[in-house]
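A structural walkthrough
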Amino acid sequence: MLRTKLEPNKQSIFTKVHIDVTLLVGLLVLMAVGLVTIYSAGGQDIELIQRQVIRLGVALFVMLLLAQIPILAYQRMSIYFYIAGVLMLVAVLLFGVTGKGAQRWLDLGVVRFQPSEIMKLAVPMMVAWYISRFNLPPKLWNICIGFVFVVVPTLLIAKQPDLGTSLLIASSGVFVLFLAGMSWSLILMVTCLVSAFAPVMWFFLMKEYQKQRVLTFINPESDPLGSGYHIIQSKIAIGSGGVSGKGWLQGTQSQLEFLPERHTDFIFAVFSEEFGLFGILGLLAIYCYIIVVGLMIAMRAQDAFAKLLAGSITLTFFVYVFVNMGMVSGLLPVVGVPLPLVSYGGTSMVTLLAGFGILMAISTQKRLLSRQ
Amino acid sequence: MAIKRVTIKDHSAEANLFARRSFIAMLLVCVMMILIISNLYYLQVSKFDDYQTRSNGNRIKVLPVAPNRGLIYDRNGILLAENRPVFSLELIPEEIDDLDSTLAELTTLLNIEEDEIADFKTNMQRVRRFKPVSLRNRLSNTDVALFSASQHKFPGVSIEARLARHYPFGSALTHALGYVARINKKDLQKLNEAGQEANYAATHDIGKLGIEKYHEELLHGEVGYQEVEINSKGRIIRTLNFQPPKPGKDLVLNLDVKMQLEIQSVLADTRGSVVALDAKTGGVLALYSNPSYDPNYFVHGISSKRYSKLLQSTDRPLINRATQGQYPPASTVKPHLALAGLEEGVIDSETRLFDNGRYQLKNVSHVWRDWIPWGHGWVDVKKSVEVSCDFFFYDLAYHLGIDRINESMTEFGFGDYTGIDIYEESDGNMPSRGWKKARYNEPWYIGDTISVGIGQSYWTATPLQLAKSINTLINKGRRIVPQVLRGQMINGETVLDPLKELQPIPVKNIENWNLVLSSMYGVIHEPHGTARAAFVDVAYSPAGKTGTAQVVSIAQDAKYDAEKLAEKHRDNAMYVGFAPFDDPQISVAVALENAGGGSSQAAPIARKVMDFYFKDKQLELVKTNPDDNPTHIQQ
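Under an unreviewed UniProt entry, the name given to chain B is Peptidoglycan D,D-transpeptidase MrdA, and the organism recorded is Aliiglaciecola lipolytica E3. The heading Pathway (unreviewed entry) in the UniProt record of chain B holds the text "Cell wall biogenesis; peptidoglycan biosynthesis." As recorded by UniProt, the Sequence similarities (unreviewed entry) comment attached to chain B reads in full: "Belongs to the transpeptidase family. MrdA subfamily."

Naming follows an unreviewed UniProt entry, where chain A appears as Peptidoglycan glycosyltransferase MrdB of Aliiglaciecola lipolytica E3. Recorded in UniProt under Function (unreviewed entry), the annotation for chain A is "Peptidoglycan polymerase that is essential for cell wall elongation."

Helices and strands together make up the secondary structure of chain B, namely 21 helices and 25 strands. The C-alpha atoms of chain B give 37 Å as radius of gyration, which overshoots the globular expectation for 635 residues (26 Å, by more than 25%). The C-alpha extent of chain B, read off along each of the three principal axes, is 155 × 55 × 50 Å. Burial statistics for chain B: of 635 residues in total, 44% are counted as buried. Considering only contacts in chain B between residues 6 or more positions apart, those separated by 24 or more positions represent 74%.

Looking only at helices and strands, one finds 14 helices and three strands in chain A. Looking at the 372 residues of chain A, the share that counts as buried comes to 50%. Pairs at least 24 residues apart make up 71% of the contacts formed inside chain A by residues separated by at least 6 positions.

What follows covers the interface of chain A and chain B. Across the boundary between the two partners, chain A contributes 40 residues, which contact 34 residues of chain B. Listing elements by their share of the side of chain A that touches chain B, those giving two or more residues are α7 (163-179), α10 (229-241), α11 (252-255), α12 (267-300) and α13 (304-328) of chain A. Looking at the side of chain A that touches chain B element by element, the count peaks at ten residues for α12(A).

What links the strands of a sheet is backbone hydrogen bonding, and the strands pair in either a parallel or an antiparallel sense. Residues and elements named next belong to chain B. Read across the open sheet, the five strands follow the order β14-β13-β25-β24-β23; overall the sheet is antiparallel. Looking at strand neighbours, the two that pair on one side only are β14 (284-290) and β23 (543-549), the edges of this open sheet. With direction set aside, neighbouring strand axes in the sheet form an average angle of 5°. Sheet analysis places β23 next to strand β24 (residues 572-579), joined by seven bridges and oriented antiparallel.

This part takes up the sheet that holds strand β10 (residues 236-243) of chain B. Residue and element names in this part refer to chain B. Taken in spatial order, the three strands line up as β1-β9-β10 in an open sheet, and their pairing is antiparallel. Every other strand in the sheet has two partners, leaving β1 (60-65) and β10 as the edge strands with one partner each. In this sheet, adjacent strand axes meet at a mean angle of 30° when their direction is disregarded. Where strand β9 (residues 224-230) meets β10, six bridges bridge the pair, whose relative direction is antiparallel. Note on β10: the bridge partner recorded for V228 is T239.

Let us now look at the confidence of the model for chain A. Keep in mind that low pLDDT regions are not for reading the predicted coordinates in detail. Of all residues in chain A, 90% have pLDDT values of 70 or greater, and the mean over the chain is 86. Within the model, the stretch residues 4-9 of chain A combines pLDDT values under 50 with zero contacts to residues more than four positions away or in other chains.

Residues and elements named next belong to chain B. Interhelical geometry of helix α10 (residues 257-267) versus helix α21 (residues 598-615) gives an angle of 150° and a closest axis separation of 10 Å. It follows that α10 is roughly antiparallel to α21 by the angle criterion. Handedness of the α10/α21 crossing: right-handed. The segment α10 lies against α21, with M259, E262, I263, V266 and L267 engaging I605, K608, V609, F612 and Y613. Class assignment of the residues belonging to the contact of α10 with α21 gives a composition of eight nonpolar, no polar and two charged.

Residue and element names in this part refer to chain B. One can read the domain layout of chain B as domain 1 (64-250) and domain 2 (257-634). Centre-to-centre, using C-alpha coordinates, domain 1 lies 42 Å away from domain 2. Counting residues at the interface gives 36 residues for domain 1, matched by 30 residues for domain 2. Put simply, the parts of the chain that give the side of domain 1 that touches domain 2 at least two residues each are α4 (114-126), β5 (157-166), α6 (174-177), β6 (180-182) and α8 (210-214). Broken down by element, the side of domain 1 that touches domain 2 gets its largest block of residues, four residues, from α8. In terms of residue class, the side of domain 1 that touches domain 2 is built from 15 nonpolar, nine polar and twelve charged.

Moving on to the confidence of the model for chain B. All names here are of chain B. This prediction gives chain B a mean pLDDT of 87; 93% of its residues lie at or above 70. Note that pLDDT drops below 50 for residues 618-635; the model gives that stretch 21 contacts with residues more than four away or on any other chain. Overall fold confidence for the complex sits at a pTM of 0.74, while the interface term, ipTM, reaches 0.90.

On to the nonpolar core. Core analysis: the largest hydrophobic core is formed by 124 residues, its most contacted members being B:A276, B:A286, B:V588, B:V590 and B:V609. With ten residues, helix α16 (residues 390-411) of chain B is the single largest residue contributor to this core. Discounting chain neighbours no more than four positions away, the residues touching B:A286 are B:L255, B:D256, B:M259, B:Q260, B:I263, B:V274, B:V275, B:A276 and B:V609. Judged by nonpolar contacts, the second largest core, of 117 residues, contains A:Y287, A:A310, B:V29 and B:L43.

Quick look at the UniProt feature "active site" (unreviewed entry) in chain B now. Residue and element names in this part refer to chain B. The positions that UniProt labels "active site" (unreviewed entry) are, in the present scheme, S331. Within the element layout of this structure, S331 appears in the loop between α13 (321-324) and α14 (334-344). For S331, the contacting residues outside a window of four places in its chain are S388, I454, G455, K545, T546, G547, T548 and G598.

All names here are of chain B. Relative to each other, α14 and helix α20 (residues 510-525) sit at 155°, their axes nearing to 9 Å. Our classification of the angle between α14 and α20 gives roughly antiparallel. Here α14 runs over α20; the crossing is right-handed. Contact residues: α14 offers P335, A338, L339, L342 and E343, while α20 offers N512, W513, L515, V516, S519 and M520.

What follows is about unusual backbone geometry. Generally, phi is negative for residues other than glycine and the peptide bonds are trans, each holding for most cases. Residues and elements named next belong to chain B. Cis geometry is found at the peptide bond from N290 to P291, where omega equals -5°. If you trace the backbone, P291 turns up in the loop between β14 and α11 (296-299). The peptide bond linking A579 to P580 adopts the cis configuration, its omega dihedral lying at -15°. Among the secondary structure elements, P580 is positioned in the loop between β24 and β25 (586-592). A positive phi is found at N111, a non-glycine position, where the angle reads about 55°. Looking at the secondary structure, you find N111 in the loop between α3 (99-110) and α4.

Glancing now at α4(B). Residues and elements named next belong to chain B. The first and last C-alpha atoms of α4 sit 19 Å apart over 13 residues, in line with the 18 Å expected at 1.5 Å per residue. Among the residues of α4, those classed as buried are E116, D119 and F120. The buried residues of α4 occupy an angular sector of 105° when projected down its axis, which confines them to one face. The outward face of α4, more than 90 degrees from its buried face, is lined by the exposed residues E114, T122 and Q125. In this structure, the buried residues of α4 make contact with β4 (133-136) and α12 (304-312).

Residues and elements named next belong to chain A. If you check the domain split of chain A, you get domain 1 (29-68 + 218-367) and domain 2 (76-206). Taking the mean C-alpha position of each, domain 1 and domain 2 sit 22 Å from one another. Elements supplying a minimum of two residues to the side of domain 1 that touches domain 2: α13 and α14 (347-371). Sort the elements by how many residues they give to the side of domain 1 that touches domain 2 and α13 lands first, with twelve residues. Partitioning the side of domain 1 that touches domain 2 into residue classes produces twelve nonpolar, seven polar and one charged.

This part covers the pairing of β24(B). Two faces belong to every sheet, and in a regular strand the side chains alternate between them. Burial runs high along β24(B): eight of the eight residues are buried. Following β24(B), the chain reverses through six residues before pairing antiparallel with β25(B).

So, about the environment of B:A201. Residue and element names in this part refer to chain B. Secondary-structure assignment places A201 in the loop between α7 (185-193) and β7 (205-207). Overall, the presence of 15 C-beta atoms within 10 Å leaves A201 in the partly exposed class. Expressed as a C-alpha distance, the spacing of A201 and P64, which sit 137 residues apart in the sequence, is 6.1 Å. Setting aside chain neighbours within four positions, we find A201 in contact with P64 and V223.

Criteria and cut-off values
- Residues numbered from 1 in each chain as written.
- Chains lettered and ligands numbered in written order.
- Predicted model: local features only at pLDDT ≥ 70, side-chain atom pairs only at ≥ 80, totals over all residues.
- UniProt positions renumbered as here; feature names shortened; annotations may be inferred.
- Helix = DSSP H or I, 4+ residues; strand = E, 2+ residues; numbered from the N terminus.
- Rg over C-alpha atoms; globule rule 2.2 N^0.38 Å.
- Buried ≥ 20, exposed ≤ 12 C-beta atoms within 10 Å, placed from the backbone.
- Contact = placed C-beta atoms within 7 Å.
- Pairing = 2+ DSSP bridges.
- Axes fitted to C-alpha atoms, helices over the stretch in contact; angles between N-to-C directions.
- pLDDT = per-residue confidence, 0-100.
- Parallel < 35°, antiparallel > 145°, perpendicular 65-115°, else oblique.
- Left-handed = near helix turned anticlockwise from the far one by under 90°.
- Nonpolar A, V, L, I, M, F, W, Y, C, P; charged D, E, K, R; others polar.
- Domains from an automatic or database assignment.
- Core = buried A, V, L, I, M, F, W, Y, C linked by C-beta atoms within 7 Å.
- Expected span 1.5 Å × (residues − 1).
- Arc of directions from axis to C-beta.

In structure tokens:
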């Protein structure tokens, strides 16, 4: 147990409002790191920080809110949530609003929102709900059904096109199946199938700009001023940071605006440039801490649905980290995935903390349940 | 689907399975983190030097800084060429989306004229890509203010402030001092060949003419470097390092600008030139060619209209008449020829001839006439110079022969470059048998030699050559190369350049030289001297020789009538001279085109120049008669 037992009174107060302090500490530290980095990456713009703080506040509030909802309610809502989500994705494809070259938004008159964000939670909930109805490990048939639940929204989102989100959603569903005990031979088979599917994706599903990103990823130097520019500048920023970094606000790549998307998707490059390898190790330690706490919560959860959902949310959180760091440092092609809780931006922040809200619900409510 | 199977969940087995899978997932997380860390280790540790270099390469630019061009002073410390700040409107065509509309907008804003746009478009073709091309070169303060207020509307257009050359005396010094102008492709090519491209990386102008061109290397200085940090848009954020440029050397010239101005006003509208040399050092005291033009227009990019006007002017102001004007020297070379005759022993001081105005050779029908139709009667060599007797020199030339004339006149520098520190120079022509053969494929005729005896025939010389030859004469064969550059100004002190000298002409008998010089004194001081009238009541005992050169040959027995001849066919008026006679300080050559007689037109100009020179000199000018004190000048 990571939870401190020195102050049982205080602990119980947090438990009453369904806050997992161990998890919250990790999240807050990460957010603080994010604010510090955004301040540097955004050119010391205090207004940027204010807007981010407001978003964090909203997101934390959503987290707190979701932590109050009983697990049973999530379990029951899963299927409706999922169906609503899929319908909205279809609606996006039919009458969605186009922005930044992709059709991702639904305009509800008052607000524009991305149904794909909902699916980040709806898919693991749905799959977890479905799989947990049976004895684990699940049967082949159930796994196949589970895959269908994953593939449908994934393809709908990939069609928008939003490769980053569809990747995150696919992995969140697959993690549920994996944690549920899907057999290794099946895992191997699926891996092979996905590999076989790759060329199909390339020729039929991927848009020109996505293909370009992949080509650029393979050889960024081929077009140093065009599509390769981002990744080259990003690698220069990271590499020139060295072991100890150039110091906060001292990163020349970021301060002199050679780095693109400095405070959003490429904030990791800013961080690496200014804080170096030591800083990165520290940052990774925080992420590791959150993931360990998340998996602990999953293991301590009482029923299969909660276990699977908590595990999936935690591992998907790691996928964000891996994909973002991978793309910024040139290991993966550039897909639009932010560095979770560090990158500037609203939507993903709310979705991520909503996920952690569910984790907190799982973490704190099981106690209450066991006491009853 | 309705799956209603009653199954008993084995919670502990499920928990174990989940824990195992979570553990494996955690392992995978660790593996991937290690993957990320090792990639970052590769970037930040293994490749650190690489990326640090590339990062610095991104942000650090080394900008060349132009050195300040050396200033130029006259011999009295008067500033002749200075550097003034100017603002010019510069466009980088490659950075402008719609050049035509930008030009149109600038036209309404700053009243840009059509000429300026036309010149801009021509210049655009000449300038390298991504280099600024100037639209207007000297912006007024109003222009600067107007543009600055709306600069944001004009990407790719900027105001450049720099130091530009200014010549406060304008046209008075153009041919000697020259000017600088924008470096063009040809200049670049030359700089490349000389390995000087880097040194000129930030330099805007280069010497194009005169001293500015000849002493470019001294004047330019060495480029400096500014290491700056730039952002991704290329804007300079701060200076990291500054290696200041080494400014060019400040030069002091032998020229006296006041004398230049005097000559300019004296010549007025006459086409011609005046060269004044320091008799002792060969320093060029004055070198003026009329008409002249304002060099400042060239510095700022002369408009094609103005330039073609200069180019097409029948007065040919662009020619440096003092160094490039090739005139028949006419009678001005009689002293030199007399000396050659004396030194060669063809004549001596006693040789007398009877000049009846008509020189004839046995068996030759041609008659060479003296300028006085009835002749000068009995003449010796001294009187022949004084009265400019042609008859005597026809005979002298006949006896000397072209080969000996050519040899000794070449010693005086005729037919060769003087070596002055100005590139715009002609070598004139000292004819010879070989030259005529090569040039016209004709043999040398005796008649040619006889014309050479009075400085005509194919013989041409520049005023500078004449002045230099006079210097050689008064220095008894010592040949000092005329130089415009006097030295360098170092810490407010003039450090003189050493004199340049050629091997002196071997003197056979110094008396011959004295005789010739005293004959030149006689030209002014004897009652029959041709320049006596021009130098009445002169205080500084000058000596000289007049010359009147035929521009077109006049048919046998035809009379020269200046009034009837077209102006361009009138005689050139020439004069050479020096002063004071016993201790020469200045020698002067005057050549006036189509002005008429040397004694009536050129000699008075020479007098005014010398008057000016001696006006300020607080010298004890001793009137000396060489006949009274012949040994005085031998020292």
